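Geometric and topological summary
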Amino acid sequence: MLQVKGISKVYSNDKKAVDGLNLDIKEGEIFGFIGPNGAGKTTTLKMITGIIAPTEGEILLGGHSIKTDAVEAKKNFTFVPDHPEIYDAIKGIDYLNFMSDMYDVNKEDRKMRIEKYTKAFQIDDALTQPVNSYSHGMRQKLLICGALIPNPSIFILDEPHVGLDPHSNKILKDLMKEHCANGGTVLFSSHVLEVVENLCDRVAIIHKGKLIALGTPEEIKQERSISLEDIFLEMTKDE
């Protein structure tokens, strides 16, 4: 479903922000991507989504290369970035209709999904208001709704739980599970390691641009009676 083959990213200081990363994320899988600040998580997600180009390596989404077949590759996913930046002069409903148009969502499905997701996140009564009147949390909810409406094969989120209230966090986790139960795939980064441990089928840990662990939470913990958070801190501490 999503293949990352030996990707690296070198910026102008010649330091590798991401170094030879390989991932193979399967259909129906909730996949957690974790690491300390500056580890390369957001850079990796930006390469996967085509926002920036890798210096080396290849990325395939639904079998299509994000480099050589970008339009077809991008039809396979939607993306929620770590900062909820939206054109703020438009109304919430205009943004959701824009996302629906971009992914050719028909009128019947569009109406049903807009109602379903905006009611779940409790922003349905704000859709006729301009986005510049929204709080940070409301903008985050709007972005998530916009990413869910196309019903993508792959749902990619960068720190999606930041800015969400507990009710909305629970709704988002339930929607992730529902999406994968219906054959979709979820890839998300997070600093909330308890959520990652309890929600994800598999987890990758990145540190200083390199993959240092990959597997189920139980495999990474190696049957030790400690939390994923403790394992993470142990693996990523600097000597």
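Please read these numbers as outputs of a predicted model, since none were measured by experiment.

Let's talk about unusual backbone geometry
Here the phi dihedral of Asp104 falls at roughly 55°; this positive angle occurs in a residue that is not glycine. Given a relative accessible area of 70%, Asp104 falls into the exposed group. Positive phi, normally seen in glycine, also occurs at Lys208, with a value near 55°. You can see Lys208 is positioned in the loop between β9 (202-207) and β10 (210-215).

Section: the sheet that holds strand β5 (residues 64-65)
Within the open sheet, the four strands sit side by side as β2-β1-β4-β5. Their pairing is antiparallel. Only two strands of the sheet have a single neighbouring strand rather than two, namely β2 (16-25) and β5. Pairing geometry for strand β1 (residues 2-10) and strand β4 (residues 56-61), over five bridges, is antiparallel. For Val4, the partnering residue across the bridge sits in β4 and is Ile59. Helix α1 (residues 41-48) contacts β1, β2 and β4 of the sheet and is inclined by roughly 120° relative to β1.

Remarks on the pattern of salt bridges
In the structure shown here, the tally under the stated rule is 12 salt bridges. The salt bridge involving Asp19 is made with Lys210; its shortest N-O contact spans 2.8 Å. Here Lys210 lies in strand β10 and Asp19 lies in strand β2, a separation of 191 residues in the sequence. Judged by relative accessible area, which is 44%, Lys210 ranks as partly exposed. Glu72 is paired through a salt bridge with Lys75; the nearest N and O atoms lie 2.9 Å apart. Assessed through its relative accessible area of 52%, Lys75 is described here as exposed. The network of salt bridges with common partners includes Lys16, Asp19, Glu56 and Lys210.

Topic: the side chain of Ser168
Within the secondary structure layout, Ser168 lies in helix α6 (residues 166-181). Here the side chain of Ser168 touches Lys141 through a polar contact of 3.4 Å, side chain to side chain.

Conventions and cut-offs
Residues numbered from 1 in each chain as written. Predicted model: local features only at pLDDT ≥ 70, side-chain atom pairs only at ≥ 80, totals over all residues. Heavy atoms only, no water. Buried < 20%, exposed > 50% of the residue type's maximum accessible area, 1.4 Å probe, protein only. Helix = DSSP H or I, 4+ residues; strand = E, 2+ residues; numbered from the N terminus. Pairing = 2+ DSSP bridges. Contact = heavy atoms within 4.5 Å. Axes fitted to C-alpha atoms, helices over the stretch in contact; angles between N-to-C directions. Salt bridge = Lys/Arg side-chain N within 4 Å of Asp/Glu carboxyl O. Polar contact = N/O pair within 3.5 Å; in protein donor to acceptor, adjacent residues only side chain to side chain.

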